[in-house]
Amino acid sequence: MALERTLSIIKPDAVAKNVIGEIYSRFEKSGLKVIASKMTQLSRAEAEGFYAVHRERPFFNALVEFMISGPVMIQVLQGEGAVLKNRDLMGATNPKDAAPGTIRADFADSIDANAVHGSDSLENAAVEVAYFFPATDVFAR
Ligand code: RTP
Ligand code: MG
């Protein structure tokens, strides 16, 4: 398997629950390394741009409102098969369907407030990492 990078966001609900460290611990225990990180509150324009692929979906406005409702923690994760590994750690989009022991099963309340985002492909990961981090703020190690 190849060394990959993926973009992860700890969403406003999980930041509010004070479980940033618990979630970082899961990344690290799985072998993923945090190679860039920042806390920020997204502007509407940033959130709309990030989720542009979902612009026509019925949940788009609710998703944007939620993502700008409080601070988020954004990080780049690096590791073998990082994209799929992070998706496995996250669990299903709807926490009701998420496997026990996944981040969403343990920390998410609903399909809207579902604790984390993770890139869904290597191609999207590259786009999403570049959306939030200049290359000089990413520390391969
Ligand atoms: P994410 O992008 O946040 O990592 O989540 P995902 O790939 O598992 O889900 P995606 O289909 O990309 O949807 C993005 C986010 O939109 C919200 N959503 N709501 N009400 C709904 O039917 C619905 N579907 C999706 C979720 O918060 C999801 O994480
Ligand atoms: Mg997605």
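Conventions used here
- Residues numbered from 1 in each chain as written.
- Chains lettered and ligands numbered in written order.
- Predicted model: local features only at pLDDT ≥ 70, side-chain atom pairs only at ≥ 80, totals over all residues.
- Heavy atoms only, no water.
- UniProt positions renumbered as here; feature names shortened; annotations may be inferred.
- Helix = DSSP H or I, 4+ residues; strand = E, 2+ residues; numbered from the N terminus.
- Pairing = 2+ DSSP bridges.
- Axes fitted to C-alpha atoms, helices over the stretch in contact; angles between N-to-C directions.

Chemist: Which residues make up the UniProt feature "domain: Nucleoside diphosphate kinase-like" (unreviewed entry) in the protein chain, and what values do they have?
Modeler: The sites that UniProt annotates as "domain: Nucleoside diphosphate kinase-like" (unreviewed entry) are residues 3-140. Along residues 3-140 one finds 40% helix and 20% strand; the C-alpha atoms at either end are 11 Å apart.

Chemist: Residue-level account of the sheet that holds strand S3 (residues 72-80), with values.
Modeler: With antiparallel pairing, 4 strands are arranged side by side in an open sheet as S2-S3-S1-S4. The open sheet terminates on both sides in strands that have one partner only, identified here as strand S2 (33-40) and strand S4 (116-118). Averaged over all neighbouring strand pairs, the angle between strand axes comes to 20 degrees, with direction disregarded. Where strand S1 (residues 3-10) lies against S3, 8 bridges are found, and the strand directions are antiparallel. By the bridge assignment for S3, leucine 3 is matched with glutamate 80.

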